[in-house]
Amino acid sequence: MADNKHRSMHSRRRFIRNASTLALAAPLISHAAQGIDEGVTFAGGERPLVQFPEKRKLILVHSRPPHLETPFSTFNEGVITKNDAFYVRYHLANFPTSIDLADYRLNIRGAVKNRLSLSLDELKSIVEQIEVVAVNQCSGNSRGYSSPRVFGAQLSHGAMGNARWTGVPLKAVLEKAGVLSDAEQVIFNGLDKPVLSTTPDFHKSLDIEHALSPEPMLAWGMNGEDLPFLNGYPLKLIVPGYFGTYWVKHLSDIVVLDHTYKGHDAYFMNKGYHIPDNDCMCVTPGTQADKTRPISTLPVRSFITSVMAEAQLPVNRRVELKGIAFDSGEGLKSVDVSIDGGRTWRAAKLSTSLGRFSFQEWKLDISFKQVGNTALMVRASNRAGEIQPLKADWNPGGYRRHVVETTPVTII
């Protein structure tokens with residue numbers, strides 16, 4: 001009990017600090033911006049590096065609400081993305097700048113036997129805590145490369161990250177509340193709110209079978225520390241294998257429904273974050289889909305992290321290429337690398353996995369035999385038979401990019 005009290009007081013002090021630093025953040029942005037990112041420039045122009053509280057310098061997408069992208073070179077530091085480097089994405093401009101743990105509650109209501117209103121300490125006491133390493137990737141990660149261009153934040157590859165999340169299973173909390181037999185869906189809401197009443201609140205939902213499965217969790221920890229404020233402090237919904245749009249920040253309300261979610265605030269499930277409802281989840285560029293469905297699981301994807309575009313590499317010397325790959329949790333089958341623009345492929349070696357939802361590192365030793373320009377490519381496949389395509393799929397939202405990426409280099 002004494003330890004809990006100490007942690008609670010410590011957390012309260014931490015929030016007072018957060019309140020002041022976040023309140024000061026916005027006016028400081030213009031002064032903090034300096035330099036540009038790693039040479040990626042879209043139609044919107046240069047993308048400055050800025051520094052928000054608890055964060056290193058990240059790429060500014062927009063400031064109100066904060067939308068910050070991780071510089072891609074960060075992913076070469078290791079498969080775990082450090083808290084200060086993890087990307088930030090809000091949807092609603094009326095977001096909290098301070099939260100007092102003494103007042104914070106997670107409310108569970110709706111089609112349950114017992115309504116709950118839990119403090120963070122009460123939530124932690126429900127069941128033994130669990131950990132999972134999982135990728136959080138924005139649905140529009142890499143949208144800036146869509147051709148033809150699409151509406152929305154022009155993102156490079158840095159709207160993703162991989163962390164060790166600590167919390168309790170969502171299933172355990174719902175079972176404590178006692179889900180009724182006619183439950184169909186579960187809604188999740190956070191403390192960020194729309195500025196105008198005409199703007200839908202950011203609600204996400206899961207079907208009851210998914211919500212009661214072992215994977216979704218309620219996390220307060222990230223890489224052994226409290227969640228960074230801008231990543232959802234004090235509690236975040238974690239949905240391993242699913243895009244980040246489901247990972248609700250500052251989680252405050254869970255509502256169990258005995259029907260399918262509809263209405264004004266169901267926008268981000270029933271209209272927003274939709275993809276074409278067909279096998280490729282794509283359409284002919286410039287057209288609209290006749291039918292759509294909500295985006296859900298991550299496609300298999302891979303990147304080279306050890307070499308940046310336009311790098312110069314030595315001829316006739318050993319070069320270690322490395323990078324990361326991931327999928328929705330089916331499990332990676334192989335990662336292949338081409339150093340000649342896709343004409344031939346070589347199998348890379350996969351490193352030890354941190355779990356089926358995590359980034360997994362791959363490595364390959366190669367030697368270039370002649371000088372000149374060439375293109376490096378990496379392609380992953382998984383155990384479900386999914387393989388990255390050589391040509392990018394297109395959809396109006398620029399969602400779910402997973403094409404084989406190309407890194408042009410010069411051999412000298």
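Everything that follows concerns the structure shown earlier in this document.
Residues numbered from 1 in each chain as written. Predicted model: local features only at pLDDT ≥ 70, side-chain atom pairs only at ≥ 80, totals over all residues. Heavy atoms only, no water.

A. Structural detail: the overall build of the chain. Scanning the chain from N- to C-terminus turns up five helices and 26 strands. Projected onto its principal axes, the C-alpha coordinates of the chain cover approximately 70 × 45 × 40 Å. Considering the chain as a whole, with its 412 residues, one finds that 54% of them fall into the buried category. Excluding contacts between residues fewer than 6 apart, the proportion of contacts in the chain whose partners are at least 24 apart in sequence is 70%. (Helix = DSSP H or I, 4+ residues; strand = E, 2+ residues; numbered from the N terminus. Buried < 20%, exposed > 50% of the residue type's maximum accessible area, 1.4 Å probe, protein only. Contact = heavy atoms within 4.5 Å.)

B. Focus on the pairing of strand β25 (residues 372-382). Of all the 11 residues making up β25, eight are buried; the element is thus mostly covered by neighbouring parts of the structure. Pairing between strand β21 (residues 332-338) and β25: six bridges, direction antiparallel. Residue pairing in the sheet places Ser334 in a bridge with Ser381 of β25. (Pairing = 2+ DSSP bridges.)

C. Representation of the side chain of Asp340 within the structure. The residue Asp340 is located in the loop between β21 and β22 (346-347) in this model. Buried charge Asp340 goes without a salt bridge, the closest partner of opposite sign being Arg343 at 4.4 Å. Looking at Asp340, its side chain comes within polar contact range of the side chain of Ser338, at 2.7 Å. In this structure the side chain of Asp340 is engaged in a polar contact, spanning 3.1 Å, whose partner is the backbone nitrogen of Arg343. Other than its neighbours up to four places away in sequence, Asp340 contacts Thr374 and Ala375. (Lys, Arg positive; Asp, Glu negative; His and termini not counted. Salt bridge = Lys/Arg side-chain N within 4 Å of Asp/Glu carboxyl O. Polar contact = N/O pair within 3.5 Å; in protein donor to acceptor, adjacent residues only side chain to side chain.)

D. Molecular detail of the pairing of strand β24 (residues 360-367). For β24, the buried fraction is high: six of the eight residues fall into the buried class. Examined bridge by bridge, strand β23 (residues 349-350) and β24 share two bridges and lie antiparallel to one another. Looking across to β24, one finds that Leu350 is bridged to Trp362.

E. Representation of the state of the cysteines. The full count for this structure, using the stated rule, is one disulfide. In this model Cys280 forms its disulfide with Cys282; the gap between the sulfur atoms is 2.0 Å. Residues Cys280 and Cys282 share a disulfide whose torsion about the S-S bond is about -95 degrees; that sign makes it left-handed. When its relative accessible area of 32% is taken as the criterion, Cys280 is described as partly exposed. We note that Cys138 lacks a disulfide partner, and the nearest cysteine sulfur, in Cys282, lies 20 Å from it. Judged by relative accessible area, Cys138 falls into the buried class, the value being 7%. (Disulfide = S-S within 2.5 Å.)

F. Region of interest: empty space enclosed by the protein. Per the counting criterion, the structure on display carries three cavities of 30 Å³ or more. By volume, the largest cavity amounts to about 210 Å³. Lining the largest cavity are 19 residues, with Tyr87, Arg89, Gly244, Trp247 and Lys249 sitting closest to its centre. Considered class by class, the residues forming the lining of the largest cavity number nine nonpolar, six polar and four charged. Considering only enclosed or pocket space, the second largest cavity measures out at about 40 Å³ in volume. Cys280, Met281, Cys282, Asp393, Trp394, Asn395, Tyr399, Arg400 and His402 are the residues that line the second largest cavity. Residues of the lining of the second largest cavity, tallied by class, amount to five nonpolar, two polar and two charged. (1 Å grid on protein atoms, 1.4 Å probe; cavity = no way out; pocket = protein on both sides within 12 Å on 5 of 7 lines; lining within 4 Å. Points joined across faces, edges and corners; volume = space filled by probe spheres on them. Nonpolar A, V, L, I, M, F, W, Y, C, P; charged D, E, K, R; others polar.)

G. Region of the structure containing a negative patch on the surface. On the surface, Asp182, Glu184, Asp207, Glu209 and Asp258 cluster together into a patch of negative charge. Here Asp258 is to be found in the loop between β15 (251-257) and α5 (267-270). Residue classification places Asp258 among the partly exposed residues on the basis of a relative accessible area of 40%. (Patch = residues over 30% accessible without salt bridge, like charges linked within 9 Å, V, L, I, M, F, W, Y side chains within 5 Å. Areas by Shrake-Rupley, 256 points an atom, 1.4 Å probe, with all protein chains shown as cover. Charge placed at Lys NZ, Arg CZ, Asp CG, Glu CD.)

H. Structural view of the nonpolar core. Ranked by internal contacts, the top residues of the largest apolar core, which has 52 residues, are Leu123, Trp165, Leu218 and Ile254. Other than its neighbours up to four places away in sequence, Ile254 contacts Leu106, Asn107, Ile108, Arg109, Leu170, Leu174, Val186, Ile187, Phe188 and Leu218. If you look at the next biggest cluster of nonpolar residues, it comprises 21 residues, including Leu321, Val335, Trp362 and Ile366. (Core = buried A, V, L, I, M, F, W, Y, C linked by side-chain atoms within 4.5 Å.)

I. Looking closely at the pattern of salt bridges. Applying the stated criterion to the full structure yields 14 salt bridges. Here Arg47 and Glu69 are joined by a salt bridge, their closest N and O atoms 2.9 Å apart. Here Glu69 lies in strand β4 (residues 67-69) and Arg47 lies in the loop between β1 (34-36) and β2 (48-51), a separation of 22 residues in the sequence. Classification of Arg47 as buried rests on a relative accessible area of 6%. Accessibility expressed as a relative area gives 2% for Glu69, which makes it buried. One salt bridge connects Arg164 with Glu131, and the closest N-O pair in it is separated by 3.8 Å.

Remember, this is a structural readout, not a statement about activity or role.
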